[in-house]
Protein chains: 2
Amino acid sequence: MSIPLKNDRLLRALRREPVDCTPVWLMRQAGRYLPEYRATRARAGSFLAMAKTPELACEVTLQPLARFPLDAAILFSDILTIPDAMGLGLYFVDGEGPKFERPVRSAADVDRLGVPDMETGLRYVMDAVRLIRRELADTVPLIGFSGSPWTLACYMVEGGGSDNFARIKALLLDDPATLHRLLSVNTDAVIAYLSAQRAAGAQVLQVFDTWGGVLSPAMYREFSLRYLTRIARELERGDGASRTPLILFGKGNAPYLEELAASGCEGLGVDWTVTLEEAARRTHGAVALQGNLDPATLYATPDAIGRQVRIALDSFAAGNGGSRDGHVFNLGHGLSPDMNPDHVAVLVEAVHSHSTR
Amino acid sequence: MSIPLKNDRLLRALRREPVDCTPVWLMRQAGRYLPEYRATRARAGSFLAMAKTPELACEVTLQPLARFPLDAAILFSDILTIPDAMGLGLYFVDGEGPKFERPVRSAADVDRLGVPDMETGLRYVMDAVRLIRRELADTVPLIGFSGSPWTLACYMVEGGGSDNFARIKALLLDDPATLHRLLSVNTDAVIAYLSAQRAAGAQVLQVFDTWGGVLSPAMYREFSLRYLTRIARELERGDGASRTPLILFGKGNAPYLEELAASGCEGLGVDWTVTLEEAARRTHGAVALQGNLDPATLYATPDAIGRQVRIALDSFAAGNGGSRDGHVFNLGHGLSPDMNPDHVAVLVEAVHSHSTR
């Protein structure tokens, strides 16, 4: 980052520095709700072909930025690239989400797992990062990301999505040592993966702990938080103003905000089941906060969207001593395919206009 | 209740009185995981025929009690009987859950709704309650139940289950007055329904607020908690030792335990995302607590189930000044069809043996 960014609001907000208005990006901002995304996907033939072709991944990464004045790009990729590179065989069935051909079902399966080589098995991701950075030409920062060790383990053990997490919870209760070995190799892989994305040009890093919230408190601390903390502590990411900020996002992480804020991360992403006011009070400036509009707000009218944006912005300030600094606006979860792009435009505009200092 | 119950542990625990061991019942204890339930359902032809035929509802209600030394029966019925009786046309598609033929889609639809007559449109429920009470012959108490006003409204507006609650959240944001009218008629209906179940013989009443946890805090308070509190305050249920206890169960209700405990209910059902120790500390004896083992624990081995039962029992006592009184053991959510009945037996036995005073 020798050339300063034209728009560095996100980086400044993650350092809790003053900005002219609150930065905003949206989880799954590159996605099926955009007709141009659906067109690229149709050309690619499949989701996975699109994710694995750097030119196409770059194309869809940039699509929302051409429509909306977003303050960041986020790498278009899948959350499950790491286990795929470990040899589990990621595939997609339409309408059913991701699946693995060879899920992890035994201690021997865990023993066979290793940290994939980042510039061979995951080269397509690094090539996409490099290409996107070039195309962005230092306009806005690029966010790289990974699934969390626990969330990756959920998919790896269940073999896909799950309603009840029967297999991984049985493993957790019956053979916690094996699950810890799995989480440990996942953590090594996540650290290597985020480091490689950073080396390739990612300027912010986010870990998605989508499924941490399905655990009881004791189990969350032992099987998710412990490994998130290891990532926050061990991931080399520079110092001072040039430090690459790490954001830990977790659905259902509200009970653990104090502990997450003490992990060493720079930003904490929260869902809408906690107010930003409470989140800010409980973390008292130790980290930046990202969130937390209920994505379903986008199904409402533009007027209601504007009102809810203002409530979220003001909630953060109320818990942050009246200051809007240290807030990255986002949803509490990702955009859905049936959302109206015009409503996304309303949201982005409302964030900037209501938060102008 | 002129004749004392042979086993009144549940009633005593809900009054926070001493018991010989902690009572246990399980949400969805009468259900598809039992082969005898599947046999009855096959004979009935459909889930709804079974729920609407008092003799069959009675039969399946009693099935788990023949297998396990449970401390209560719970009426076998559906959560959506009220909107069905309001004329929405409940039906089931295999593998897809409940649906309504005529969902609530406009203010005019809400205007047409009224509190159904309990001894005509819902007579089959009251007949089932009367029949079950007769068959139980005062062995264990019978729990009656209803969906919460908010949870009923979710199904009524969405027309069935939902991943994202797009329609009801849009209604909430765009036309809160109409949603409040819907919640108000639902609340009147729930109160009438629980009163009628009590008159027919139900000795404990539970409200299932399955979907309260999908709301942000401000919206939970306005659209769910407010109506739960109205039920707890307005539902006539006697006084002193003969008072019929009301349990408010809610998935994701952990942030609101203090407010729920102040609602006037006798028991609070919690899921596994909060420890019973914390729940007991935060409610400091104002209510009995029910819960909260993660149902997925039943996928683990008997040894692990026993350990987790002990942890939950001890967690409650740790937050309750060392006493186990005032605890009703349950899962944090319902049993699933793929669970092993032998593991349920292990769970019930473990609760009683580990909690013997």
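Preceding this paragraph is the structure being described.
In short, a report on the structure. (Residues numbered from 1 in each chain as written. Chains lettered and ligands numbered in written order. Predicted model: local features only at pLDDT ≥ 70, side-chain atom pairs only at ≥ 80, totals over all residues. Heavy atoms only, no water.)

### Some thoughts on the sheet that holds strand 1 (residues 73-74) of chain A
Residues and elements named next belong to chain A.
Turning to step 1, where the next piece is worked out: Pairing is parallel in the open sheet, where seven strands are placed in the order 1-4-5-6-7-8-9. Since the sheet does not close on itself, it has two edges, and those belong to strand 1 and strand 9 (327-331), each with one partner.
Turning to step 2, where the next piece is worked out: Bridge analysis of strand 4 (residues 142-147) against strand 5 (residues 204-209) gives five bridges, and the strand direction is parallel. Of the residues in strand 5, the one forming a bridge with glycine 144 is leucine 205.
Turning to step 3, where the next piece is worked out: Packed onto the sheet, helix 11 (residues 217-234) meets strand 5 and strand 6 (246-250) and runs at close to 170 degrees relative to strand 5. (Pairing = 2+ DSSP bridges. Helix = DSSP H or I, 4+ residues; strand = E, 2+ residues; numbered from the N terminus. Contact = heavy atoms within 4.5 Å. Axes fitted to C-alpha atoms, helices over the stretch in contact; angles between N-to-C directions.)

### Some words on the pattern of salt bridges
Turning to step 1, where the next piece is worked out: Tallied over the full model, the rule gives 57 salt bridges over all chains.
Turning to step 2, where the next piece is worked out: Arginine 15 of chain B is the partner of glutamate 17 of chain B in a salt bridge, and the nearest nitrogen-oxygen pair spans 2.9 Å.
Turning to step 3, where the next piece is worked out: By relative accessible area, which is 23% here, glutamate 17 of chain B ends up partly exposed.
Turning to step 4, where the next piece is worked out: The class for arginine 15 of chain B is partly exposed, based on a relative accessible area of 30%.
Turning to step 5, where the next piece is worked out: Close ionic contact of arginine 102 of chain B with glutamate 101 of chain B constitutes a salt bridge, the shortest N to O distance being 3.2 Å.
Turning to step 6, where the next piece is worked out: Linked through salt bridges whose partners overlap, the residues forming this network are Glu119, Arg123, Asp127 and Arg130 of chain A. (Salt bridge = Lys/Arg side-chain N within 4 Å of Asp/Glu carboxyl O. Buried < 20%, exposed > 50% of the residue type's maximum accessible area, 1.4 Å probe, protein only.)

### Topic: the environment of threonine 210 of chain A
Residue and element names in this part refer to chain A.
Turning to step 1, where the next piece is worked out: Of note, threonine 210 is situated in the loop between strand 5 and helix 11.
Turning to step 2, where the next piece is worked out: A relative accessible area of 12% means that threonine 210 is categorised as buried.
Turning to step 3, where the next piece is worked out: In this structure the C-alpha to C-alpha distance between threonine 210 and aspartate 175, which are 35 residues apart in sequence, comes to 23 Å.

### Some points on the sheet that holds strand 6 (residues 246-250) of chain B
Residues and elements named next belong to chain B.
Turning to step 1, where the next piece is worked out: The seven strands lie next to each other as 1-4-5-6-7-8-9, forming an open sheet whose pairing is parallel. Each edge of the open sheet is held by one strand with a lone partner, namely strand 1 (73-74) and strand 9 (327-331).
Turning to step 2, where the next piece is worked out: Relative to strand 4 (residues 142-147), helix 10 (residues 176-200) is tilted by about 165 degrees, and along the sheet it contacts strand 4, strand 5 (204-209) and strand 6.

### Comments concerning the interface of chain B and chain A
Turning to step 1, where the next piece is worked out: Chain B puts 28 residues into the contact, and the matching count from chain A is 28 residues.
Turning to step 2, where the next piece is worked out: The junction of chain B with chain A conceals about 1,900 Å² of combined surface from both sides, 58% of it contributed by carbon and sulfur atoms.
Turning to step 3, where the next piece is worked out: Linking chain B with chain A are two salt bridges, by the criterion used here.
Turning to step 4, where the next piece is worked out: Between lysine 169 of chain B and aspartate 294 of chain A there is a salt bridge, with its nearest N and O atoms 2.7 Å apart.
Turning to step 5, where the next piece is worked out: At the surface where chain B touches chain A, the tally comes to eight residue pairs in polar contact (both at pLDDT 80 or more).
Turning to step 6, where the next piece is worked out: Elements that contribute at least two residues to the side of chain B that touches chain A include exactly helix 9 (166-174), helix 11 (217-234) and helix 14 (302-319) of chain B.
Turning to step 7, where the next piece is worked out: Top element by residues in the side of chain B that touches chain A is helix 9 of chain B. It accounts for five residues.
Turning to step 8, where the next piece is worked out: Among the residues making up the side of chain B that touches chain A, the classes are represented as 14 nonpolar, nine polar and five charged. (Buried area = accessible area lost by both parts, 1.4 Å probe. Polar contact = N/O pair within 3.5 Å; in protein donor to acceptor, adjacent residues only side chain to side chain. Nonpolar A, V, L, I, M, F, W, Y, C, P; charged D, E, K, R; others polar.)

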